[in-house]
Amino acid sequence: MRESKNQDYPPVQEMTDDQRIEIVKDIFASVTDKYDFLNKFLSGRRDVAWRERTVKEMNFFNTYRFLDVATGTGDLALDCTRKYPNVYVTGVDFVQEMVDRGNEKITVQNLSDKVELKWGDATNLEFEDNTFDVTAMAFGIRNIPDKEKALKEMKRIIVPDGQVMVLELTTPEPGFWRSIYSFYLKGLLPKLARIFTTNPSAYKYLADSIINFPTRREFVALMESVGLKNCRAIPLTFGVCTLYIGKKKHE
Ligand SMILES: C[S@@+](CC[C@H](N)C(=O)[O-])C[C@H]1O[C@@H](n2cnc3c(N)ncnc32)[C@H](O)[C@@H]1O
């Protein structure tokens, strides 16, 4: 883990795409050590249940390979291995500090023959077409300015009828839960982050990036626009998180 270069990020709407990419790299390289703890603490361990649900929806039928894009410290990759021991799992992330932390977990759990994590950019995946049955990205797409490019890459590297899955934090529909959640994101989260991290701006960015994420309908339309079929959105925990699933069409 290294110190953040910048402690005060501009609002998401005011960042250029290049600036945002650098800020995302800066954030994740500076929170690596506390990332797993904070994820679980700030979500009340719901992140664990959301990844479990994602893994439950996976269907392996051809190459028996899974790619976890923006794998971070490898939690989704590890969950997949535990549930499907006959599947070979690969994870990529463009912050080497996160990949290194994930690889430590894999070594400790003795799973190096089933899971491999390495550096890779979601918008330029270094895999052949039709390599995997399933690819998923958990809490990563929010941070990628060119979401369409990332979705096209995910589609390219899976086999026809394979699944593209995106798990992302979203805002509940307007009403009671939206009000509670907005208070949590804007009022409570930055205060908690100030107690637990040396980079509280990272959590201001987190709130900002969730609020500025496309609506469920817009994101499903984006998935359809890149040529995915049977696209659907499954709201989780009152819509605080959403699991999106689409399949690759036969050409
Ligand atoms: C919130 S973390 C999620 C990590 C993990 N998937 C999980 O479920 O905990 C987001 C991750 O996305 C990675 N990321 C963001 N943009 C990326 C890109 N273009 N290519 C690869 N990784 C990216 C970050 O480095 C970070 O590790």
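This one's a predicted model, so the numbers in the text were calculated from it and none came from an experiment.

Enquirer: Before we go on, may I ask you to explain the packing of helix H1 (residues 17-42) against helix H7 (residues 201-211) in this structure?
Expert: The description of two packed helices rests on the angle between their axes and on the distance between the axes. Running from N to C, H1 and H7 cross one another at 95°; their axes reach a closest spacing of 9 Å. Considering the angle they form, H1 stands roughly perpendicular to H7. Residues Arg20, Val24, Ile27, Val31, Leu38 and Leu42 of H1 touch H7, and the partners they reach there are Ala202, Tyr203, Tyr205 and Ser209.

Enquirer: Even after reading the chapter, I still don't get the packing of aromatic side chains, so can you show me in this structure?
Expert: Given two aromatic rings, one states the distance between the centres and the angle between the planes to describe the pair. In the structure shown here, the tally under the stated rule is eight aromatic pairs. Put simply, the rings of Phe176, Trp177 and Phe238 pair up and form one aromatic cluster.

Enquirer: Is there a simple way to think about unusual backbone geometry in this case?
Expert: Outside of glycine, negative phi angles account for most residues, and trans bonds account for most peptide bonds. One non-glycine residue, Ala70, adopts positive backbone phi at about 55°. Ala70 sits in the partly exposed class, given a relative accessible area of 26%.

Enquirer: Can you walk me through the sheet that holds strand S6 (residues 228-236) in this structure?
Expert: Strand pairing within a sheet occurs via backbone hydrogen bonds; the two strands may be parallel or antiparallel. Judged by pairing direction, the sheet is mixed, and its seven strands sit side by side in the order S3-S2-S1-S4-S5-S7-S6 without closing on themselves. Here the strands that pair on one side only, and so sit at the sheet edges, are strand S3 (115-119) and S6. Between one strand and the next, the sheet's axes are offset by a mean angle of 15°, whatever the strand orientation. As paired strands, strand S1 (residues 65-69) and strand S4 (residues 132-138) are joined by four bridges and run parallel to one another. Within S4, the position partnered with Asp68 by the bridge is Ala136. The strands touched by helix H3 (residues 75-83) are S1, strand S2 (88-93), S3 and S4; relative to S1, the strand with the most contacts, the crossing angle is about 160°.

Enquirer: Where do I start with helix H4 (residues 96-108) in this structure?
Expert: Because an α-helix completes one turn every 3.6 residues, residues spaced three or four positions apart along the sequence face the same direction. Between its first and last C-alpha atoms H4 spans 18 Å; for 13 residues at 1.5 Å apiece the expected length is 18 Å, and the two agree. Every buried residue belonging to H4 is among Met98, Val99, Gly102, Lys105 and Ile106, and all of these are buried. What you see down the axis of H4 is that its buried residues fit within an arc of 120°, all on one side. In this structure, H4 carries Thr107 and Val108 as exposed residues pointing more than 90 degrees from its buried face.

Enquirer: Any chance you could explain the environment of Arg142 here in plain terms?
Expert: The topology assignment puts Arg142 in the loop between S4 and helix H5 (147-156). By relative accessible area, Arg142 is classed as buried at 4%. For the pair Arg142 and Asp208, spaced 66 residues apart in sequence, the C-alpha separation works out to 10 Å. Those residues in contact with Arg142 that lie beyond four places of it in its chain are Arg20, Lys147, Glu168, Leu169, Tyr205, Leu206, Ser209, Ile210 and Phe213.

Enquirer: In this structure, what is going on with the side chain of Thr131? I would like to understand it.
Expert: Among the structural elements, Thr131 can be located in the loop between S3 and S4. Apart from the residues within four sequence positions on either side, Thr131 is in contact with Thr63, Arg65 and Ile157.

Enquirer: Where do I start with the site of the ligand in this structure?
Expert: Neighbouring residues of the ligand: 19 residues in total, closest Tyr35, Ala70, Asp93, Ala122 and Ala138. Phe94 places a polar main-chain atom, nitrogen or oxygen, 3.3 Å from a nitrogen atom of the ligand. Here a nitrogen atom of the ligand sits 2.9 Å away from a polar atom, N or O, in the main chain of Ala122. For the ligand, whose free accessible area comes to 590 Å², the fraction covered by protein is 97%. Residues that form the shell around the ligand fall into these classes: 11 nonpolar, five polar and three charged.

Enquirer: Can you help me understand helix H8 (residues 216-225) in this one?
Expert: By the burial criterion, the buried members of H8 are Arg216, Phe219, Val220 and Met223. Here the buried residues of H8 occupy an arc of 100° about the axis, which is enough to place them on one side. Residues Arg217 and Ser225 are exposed on H8 and point more than 90 degrees away from its buried face. Contacts from the buried residues of H8 go to H5, strand S5 (158-169), S6 and strand S7 (241-248). Of the residues one or two after H8, Gly227 is the one with positive phi, at around 100°.

Scoring rules and cut-offs
Residues numbered from 1 in each chain as written. Predicted model: local features only at pLDDT ≥ 70, side-chain atom pairs only at ≥ 80, totals over all residues. Heavy atoms only, no water. Axes fitted to C-alpha atoms, helices over the stretch in contact; angles between N-to-C directions. Helix = DSSP H or I, 4+ residues; strand = E, 2+ residues; numbered from the N terminus. Parallel < 35°, antiparallel > 145°, perpendicular 65-115°, else oblique. Contact = heavy atoms within 4.5 Å. Phe/Tyr/Trp six-rings, centres within 6.5 Å; stacked < 30°, edge-to-face > 60°. Buried < 20%, exposed > 50% of the residue type's maximum accessible area, 1.4 Å probe, protein only. Pairing = 2+ DSSP bridges. Expected span 1.5 Å × (residues − 1). Arc of directions from axis to C-beta. Near = heavy atom within 4 Å. Polar contact = N/O pair within 3.5 Å; in protein donor to acceptor, adjacent residues only side chain to side chain. Areas by Shrake-Rupley, 256 points an atom, 1.4 Å probe, with all protein chains shown as cover. Nonpolar A, V, L, I, M, F, W, Y, C, P; charged D, E, K, R; others polar.

Read these as layout, nothing more, since geometry by itself doesn't imply function.
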